[in-house]
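Now for the letters of each chain:
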There are 2 protein chains.
Amino acid sequence: MRESYHDELNATSGRILTMAELVRVAVKDATAALIGADLTTAERVISDDSKVDALNEEIERRCFDLLARQAPVAGELRTVVAVLRMCYELARMGDLAAHVAKIARLRFPEVAVPPQVADQFVEMSKIADSMISKAEKTLADRDAEAAESLASEDSKMDDLRREQFRLLLGDDWAYGVESAVDTALLGRYYERIADHAVAVGSRVIYIVTGEGPAGEDWPSAY
Amino acid sequence: MRESYHDELNATSGRILTMAELVRVAVKDATAALIGADLTTAERVISDDSKVDALNEEIERRCFDLLARQAPVAGELRTVVAVLRMCYELARMGDLAAHVAKIARLRFPEVAVPPQVADQFVEMSKIADSMISKAEKTLADRDAEAAESLASEDSKMDDLRREQFRLLLGDDWAYGVESAVDTALLGRYYERIADHAVAVGSRVIYIVTGEGPAGEDWPSAY
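Note that this is a predicted model, so its numbers are computed, not measured. (Residues numbered from 1 in each chain as written. Chains lettered and ligands numbered in written order. Predicted model: local features only at pLDDT ≥ 70, side-chain atom pairs only at ≥ 80, totals over all residues. Heavy atoms only, no water.)

What's the story with the interface of chain B and chain A in this structure? I'm lost.
When the parts of a complex come together, some accessible area is lost, and that lost area is often taken as the interface size. Counting from both sides, the interface comprises 43 residues of chain B and, opposite them, 43 residues of chain A. Between chain B and chain A, roughly 3,500 Å² of surface is buried when both sides are summed, and carbon and sulfur atoms account for 64% of that area. By the criterion of area lost to chain A, the three top residues of chain B are Phe64(B), Tyr88(B) and Arg188(B), representing 17% of everything that side buries. Between the two partners, chain B and chain A, sit four salt bridges. A salt bridge links Arg203(A) to Glu60(B); the shortest N-O distance between them is 3.2 Å. Scanning the region where chain B abuts chain A turns up four residue pairs in polar contact (both at pLDDT 80 or more). Going through the elements one at a time, helix 2 (39-69), helix 3 (74-107), helix 5 (144-168) and helix 6 (176-209) of chain B are the ones with two or more residues in the side of chain B that touches chain A. (Contact = heavy atoms within 4.5 Å. Buried area = accessible area lost by both parts, 1.4 Å probe. Salt bridge = Lys/Arg side-chain N within 4 Å of Asp/Glu carboxyl O. Polar contact = N/O pair within 3.5 Å; in protein donor to acceptor, adjacent residues only side chain to side chain. Helix = DSSP H or I, 4+ residues; strand = E, 2+ residues; numbered from the N terminus.)

Listed below in structure tokens is the structure:
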């Protein structure tokens, strides 16, 4: 009985990895759709978000069943509670990727953002990709150290966003209000994607150590 | 033992109401700070967010202890899992109120948004206030019907936001890029506050019925 419980817990954690991988690809594809004004890809990212939502629903249900079946012991209980939170964070990341794709779709056949800003979003997308991969790895390997390094990648994302604000609020901005508004909102979406990746990492630290990450305002930070 | 467990569960749910009330006041005050370019109020909203975060932390810990102490039965387990999610939703709402106050602070002594937009934010704040009050009431009274009516208030918020986009992307917009960017981001914050209020209501429905709200894409919607 205990054995099968453990197997089910591992299987449920494994579904989080599947979900993270779907989200990673969604962010990457949404960025490609944005930069390339690629309507087909944008539509696919938007419709594929239902797969992420379905996984969220499945994982929530499995966690509930795990809690209902018997009181898990400390480490297992931490894992179930963390998985419950992680699937929510990943679902939000999927929503945000779909938001990026929706702006690409809204401005099609135009590219929503001017070239200089597009380069920044490519960079933001790379950081997001690396952060999601790292979050997956930390979860798969229960690697609390790697999770803590997510915070430094997140600060790179924040730096890029500050740079972006300087650009679009500067006197040289020649692309009008619509592009500025799109850029500001898109910047917010990427920033939030990164925040959620940090939160996933924090939950891994919680599983491993029972504590929040050092130097972080946890769990109040997210 | 069962009795004291039940008492602790009720006390923890009660803390959610305290948290919701803090958040309701934060949204109201942040809006006043925004509209009145009131730095003192903005600063207070920003620093008081730590009280919301502390409650989030406390409630999470109490839920964990409730789960650890014994396997709760179906309705009680649903309540604990719902409370775990609700405290997160409310913490996010508190963060968003602080974001509104930060924009007020950033533009001080100017008012961040032009008069016509300010009126919209007053309206959005009223809707948010009503939604949070309703979410509190549904939780206190376990009133699933009231929770379902939150969705219609949320659609009023979405309508206002669409109207706001028409305004700031229209040819008549005379307030420049900075005001447009601030307006777009503020609009996003109020929209998300409303979304989180709907999510709190959905969790009440889940406690009462074990099901998601009718006609809503649940739980994938948040």
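For this particular structure, what's the right way to read the relation of the copies chain B and chain A?
Laying chain B over chain A is done by rotating through 180 degrees and shifting 0.0 Å along the axis; what remains is an RMSD of 0.0 Å. The transformation just described matches what one would write down for a two-fold rotation axis. Residue Ala71(B) of chain B places its C-alpha closer to the rotation axis than any other residue of that unit, at 2.3 Å. When the interface residues of chain B are mapped onto chain A, 100% of them are again interface residues, pointing to one common binding face. (Least-squares fit on C-alpha atoms with pLDDT ≥ 70 in both.)

Got a minute to help me understand the side chain of Asp29(B) in this structure?
Relative to the helices and strands, Asp29(B) resides in helix 1 (residues 2-36). Each residue touching Asp29(B), except ones within four places of it in the same chain, is listed here: Thr41(B), Arg44(B) and Val45(B).

Please explain the packing of helix 2 (residues 39-69) of chain A against helix 3 of chain B as it appears in this structure.
When two helices pack together, their arrangement is captured by the angle between the axes and the distance separating the axes. Two numbers describe how helix 2 of chain A lies on helix 3 of chain B: the axes approach to 11 Å, and their chain directions differ by 130 degrees. On the basis of the axis angle, helix 2 of chain A is oblique to helix 3 of chain B. Pair helix 2 of chain A / helix 3 of chain B crosses with right-handed handedness. Taken together, the residues of helix 3 of chain B that come into contact with helix 2 of chain A (itself represented by Glu60(A), Phe64(A), Leu67(A) and Ala68(A)) are Ala74(B), Leu77(B), Arg78(B), Val81(B) and Arg85(B). Of the residues in the contact of helix 2 of chain A with helix 3 of chain B, the class split is six nonpolar, no polar and three charged. (Axes fitted to C-alpha atoms, helices over the stretch in contact; angles between N-to-C directions. Parallel < 35°, antiparallel > 145°, perpendicular 65-115°, else oblique. Left-handed = near helix turned anticlockwise from the far one by under 90°. Nonpolar A, V, L, I, M, F, W, Y, C, P; charged D, E, K, R; others polar.)

What is the right way to read the pattern of salt bridges from this model?
Any two side chains of opposite charge can pair, on the condition that their charged atoms come close. Following the criterion strictly, the structure yields 38 salt bridges over all chains and no others. The closest approach of N and O atoms between Arg107(A) and Glu178(A), which form a salt bridge, is 3.3 Å. Taken together, the positions of Arg107(A) in helix 3 (residues 74-107) and Glu178(A) in helix 6 (residues 176-209) put the pair 71 residues apart, joining distant regions of the chain. Of the residues examined, Arg107(A) reaches a relative accessible area of 16% and is grouped as buried. Classification of Glu178(A) as partly exposed rests on a relative accessible area of 37%. Between Glu58(B) and Arg62(B) there is a salt bridge; the shortest N-O distance is 2.8 Å. Separated by four residues within a single helix, Glu58(B) and Arg62(B) lie in helix 2, roughly one turn from each other. Salt bridges sharing partners connect three or more residues here, namely Glu8(A), Arg15(A), Glu58(A) and Arg62(A). (Buried < 20%, exposed > 50% of the residue type's maximum accessible area, 1.4 Å probe, protein only.)

For this particular structure, what's the right way to read the packing of aromatic side chains?
Each pair of aromatic rings is reported with the distance of its centres and the angle of its planes. One pass over the structure, following the stated rule, counts seven aromatic pairs over all chains. Ring geometry for Tyr88(A) versus Tyr88(B): centroids 5.0 Å apart, planes at 85 degrees, classification edge-to-face. Here the residue Tyr88(A) occupies a position in helix 3, and Tyr88(B) occupies one in helix 3, the pair thus bridging two chains. Overall, the relative accessible area of 2% leaves Tyr88(A) in the buried class. Here Arg203(A) stacks its cationic end above the ring of Tyr206(A), 5.7 Å away from the centre of that ring. (Phe/Tyr/Trp six-rings, centres within 6.5 Å; stacked < 30°, edge-to-face > 60°. Lys NZ or Arg CZ within 6 Å of the ring centre and 35° of its normal.)

How should I be thinking about the UniProt feature "domain: PhoU" (unreviewed entry) in chain A in this particular structure?
Residue and element names in this part refer to chain A. The sites that UniProt annotates as "domain: PhoU" (unreviewed entry) are residues 16-103 and 122-203. Segment residues 16-103 splits into 93% helix and 0% strand. End C-alpha atoms: 27 Å apart. This span, residues 122-203, is 89% helix and 0% strand, and a straight line between its end C-alpha atoms measures 27 Å. (UniProt positions renumbered as here; feature names shortened; annotations may be inferred.)

Any chance you could explain the side chain of Arg188(B) here in plain terms?
Summarising the element assignment, Arg188(B) is placed in helix 6. Judged by its relative accessible area of 6%, Arg188(B) is buried.

Please explain the environment of Asp49(B) as it appears in this structure.
Examined against the element boundaries, Asp49(B) turns out to sit in helix 2. Residue contacts for Asp49(B): discarding those within four places in its chain leaves Gly94(B), Asp95(B) and Ala98(B).

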